[in-house]
Amino acid sequence: VGGYFTAARCLAHLRYVALRLLPVHLAHARALGSARLLQTDDTPARCPEVVRAKNAHDEDPEKNPLPWASWKSKFESGATPPPEDAPIAQRLAYDLGFANDNKTGGKRKAFNTTVLIGKAREEDLRSFIVLYHSHLGQAGDLISHLLLERQRDRRAAQQRPTTKEQVFLVSDLLKTNPPTAPAIQEDFEIVWGGCMHHARRNFVLAADDDFINCNNVRMLFDATAMYERRLTDVGRRKENVLAVREKITGPLWEVIRLQCVALAERWSKGTPVGKAARFVISHFDKLTVHTKHEHMPDNNTLSERMLRPDRKSTRLNSSHTVISYAVFCLKKK
């Protein structure tokens, strides 16, 4: 209207809002670190400033160092809190990490947005938190930072548990989803559950090759999902959830496993049907861990929908990029 809403003015407003909400965002992250059950998912994201910085660095590393090369999280040696006028992303990186290491010791290259969902207090629905964080990393990197913070707080208060505390994680079965920081293993046991919809989807995609058998397996998955929905309808309590899972859905999962064993014998591992069957067989324990814990869901659909509201969408586009990184400030004010 009248030329008021220029790109520069809009970004200035967004930056103002991001700065004011930054303490709230970090407080939510800290609270989420105490959650007993977490759901998570990643999706590729695009940040023009990150792309430009990486391209310039590739052309001339000495002349164009990565702006985040000197950023450190609070758990790295020599880390000091960034000044108040530091870029928003640098201040987030100190608490939540930005350029994370991979398993070989190198730096992760993929820029992703991670969503992490949980309740800071298990019995209080008002403590439900949905946290977004965009970084050069995966879900496991973000969870590691939150649990390390939780571990440090307890040790400072001399509240280190005598036995490992269980933290339940529901996600797809990518190896980058569970936290990998070695120090976490001293105080926490990560109980990792897989998403049944990821396993089911493979049989839907492979149905053209073996319609009858793939459809049979799919209907078994649908039956387990029906009982889970019915539990939600009547009200979930420890007794009825464990009873249904022990007497009904647990045996259904065993039938699914036997069907997959038969399909794996019939179809080679290079075929879609063979891959779908072997996925269930190799990950069966993680796909069924929810049957032993009444508070665990059998899928991470909620976290997926939080990242991809449109079912046809496969990744975040520029309009969905998280605000704190849409105004990614690589330069100081």
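For the structure, check the block above.
Note that the coordinates shown come from a computational prediction; the quantities given were computed from them, not determined experimentally.

Enquirer: Whenever I open this one, the packing of helix α6 (residues 211-234) against helix α7 (residues 238-266) confuses me. Can you help?
Expert: Two measures define how a pair of helices packs: the angle their axes make with one another and the distance between the axes. For the pair α6 and α7, interaxial distance at closest approach is 10 Å and the crossing angle is 165°. On the basis of their axis angle, the class for α6 and α7 is roughly antiparallel. When you trace α6 past α7, the crossing you get is left-handed. For the contact of α6 with α7, the per-class residue count stands at 15 nonpolar, six polar and three charged.

Enquirer: I tried to follow empty space enclosed by the protein on my own but got confused; where do I start?
Expert: Sizing a probe to match a water molecule and rolling it over the atoms shows the empty space that remains. Inspection of every chain in the model, using the stated rule, returns one cavity of 30 Å³ or more. The calculated volume of the largest cavity comes to roughly 40 Å³. Lining the largest cavity, in full, are Leu-32, Gly-33, Ala-35, Leu-38, Leu-116, Ile-143, Leu-146, Leu-147, Arg-150 and Val-167. Here the lining of the largest cavity is built from residues that sort into eight nonpolar, one polar and one charged.

Enquirer: Explain the pattern of salt bridges to me, please; I cannot follow it from the model alone.
Expert: In this structure the tally under the stated criterion is 22 salt bridges. In this structure, Arg-155 and Glu-186 form a salt bridge, with 2.8 Å as the shortest nitrogen-oxygen distance. Here Glu-186 lies in the loop between β4 (165-171) and β5 (188-194) and Arg-155 lies in helix α4 (residues 139-156), a separation of 31 residues in the sequence. Take Arg-155: its relative accessible area is 34%, and that puts it in the partly exposed class. Glu-186 sits in the partly exposed class, given a relative accessible area of 43%. With its nearest N and O atoms 3.3 Å apart, the salt bridge here joins Arg-155 to Asp-187. Taken together, the positions of Arg-155 in helix α4 and Asp-187 in the loop between β4 and β5 put the pair 32 residues apart, joining distant regions of the chain. Residue classification places Asp-187 among the buried residues on the basis of a relative accessible area of 5%.

Enquirer: Explain the environment of Cys-47 here, please?
Expert: Topologically, Cys-47 is positioned in the loop between β1 (37-44) and α2 (48-59). Through-space distance from the C-alpha of Cys-47 to that of Asp-153 is 33 Å; in sequence the pair is 106 residues apart.

Enquirer: Teacher, can you tell me more about the sheet that holds β5 here?
Expert: Hydrogen bonds between backbone atoms are what pair the strands of a sheet, whose relative direction is either parallel or antiparallel. The mixed open sheet is built from five strands, whose spatial order is β3-β2-β1-β4-β5. The two strands at the open ends of the sheet, each matched to only one other strand, are β3 (128-135) and β5. In this sheet, adjacent strand axes meet at a mean angle of 25° when their direction is disregarded. Alignment of β1 against strand β2 (residues 112-119), held across seven bridges, turns out to be antiparallel. Paired with Pro-44 across the bridge in β2 is Asn-112. Against the sheet, helix α1 (residues 7-32) touches β1, β2 and β3, its axis set at about 110° to β3.

Enquirer: Help me out: how do you make sense of the pairing of β4 in this one?
Expert: Strand residues, when the strand is regular, have side chains that alternate between the two faces of the sheet. Among the seven residues that make up β4, five are buried, leaving the element largely enclosed by the rest of the structure. Where β1 meets β4, three bridges bridge the pair, whose relative direction is parallel. Of the residues in β4, the one forming a bridge with Leu-37 is Phe-168.

Enquirer: Honestly, the nonpolar core in this entry has me stumped. Any pointers?
Expert: Grouped burial of nonpolar side chains is what soluble globular proteins tend to show. The biggest cluster of nonpolar side chains holds 48 residues, and the ones touching the most others in it are Leu-32, Leu-38, Phe-203, Phe-221, Ile-256 and Val-280. Once you skip the residues sitting within four places of it in the chain, Ile-256 turns out to touch Val-217, Leu-220, Phe-221 and Val-280.

Enquirer: What should I look at first to understand the layout of surface pockets in this one?
Expert: Estimated volume of the largest pocket: approximately 910 Å³. Leu-37, Gln-39, Arg-236, His-295 and Pro-297 are the residues nearest the centre of the largest pocket, which is lined by 28 residues in total. Of all the elements in the fold, those that place two or more residues in the lining of the largest pocket are β1, β2, α5 (196-205), α6 and α7. If you tally residues by element for the lining of the largest pocket, the top one is α6, at four residues. Looking at side-chain class alone, the lining of the largest pocket contains ten nonpolar, six polar and twelve charged residues. Each pocket or cavity is described by its volume, and for the second largest pocket that value is around 740 Å³. Listed by contribution, the elements that provide at least two residues to the lining of the second largest pocket are α2 and α4. Of the residues contributing to the lining of the second largest pocket, the split by class is twelve nonpolar, nine polar and ten charged.

Basis of the calculations
- Residues numbered from 1 in each chain as written.
- Predicted model: local features only at pLDDT ≥ 70, side-chain atom pairs only at ≥ 80, totals over all residues.
- Heavy atoms only, no water.
- Axes fitted to C-alpha atoms, helices over the stretch in contact; angles between N-to-C directions.
- Helix = DSSP H or I, 4+ residues; strand = E, 2+ residues; numbered from the N terminus.
- Parallel < 35°, antiparallel > 145°, perpendicular 65-115°, else oblique.
- Left-handed = near helix turned anticlockwise from the far one by under 90°.
- Nonpolar A, V, L, I, M, F, W, Y, C, P; charged D, E, K, R; others polar.
- 1 Å grid on protein atoms, 1.4 Å probe; cavity = no way out; pocket = protein on both sides within 12 Å on 5 of 7 lines; lining within 4 Å.
- Points joined across faces, edges and corners; volume = space filled by probe spheres on them.
- Salt bridge = Lys/Arg side-chain N within 4 Å of Asp/Glu carboxyl O.
- Buried < 20%, exposed > 50% of the residue type's maximum accessible area, 1.4 Å probe, protein only.
- Pairing = 2+ DSSP bridges.
- Contact = heavy atoms within 4.5 Å.
- Core = buried A, V, L, I, M, F, W, Y, C linked by side-chain atoms within 4.5 Å.

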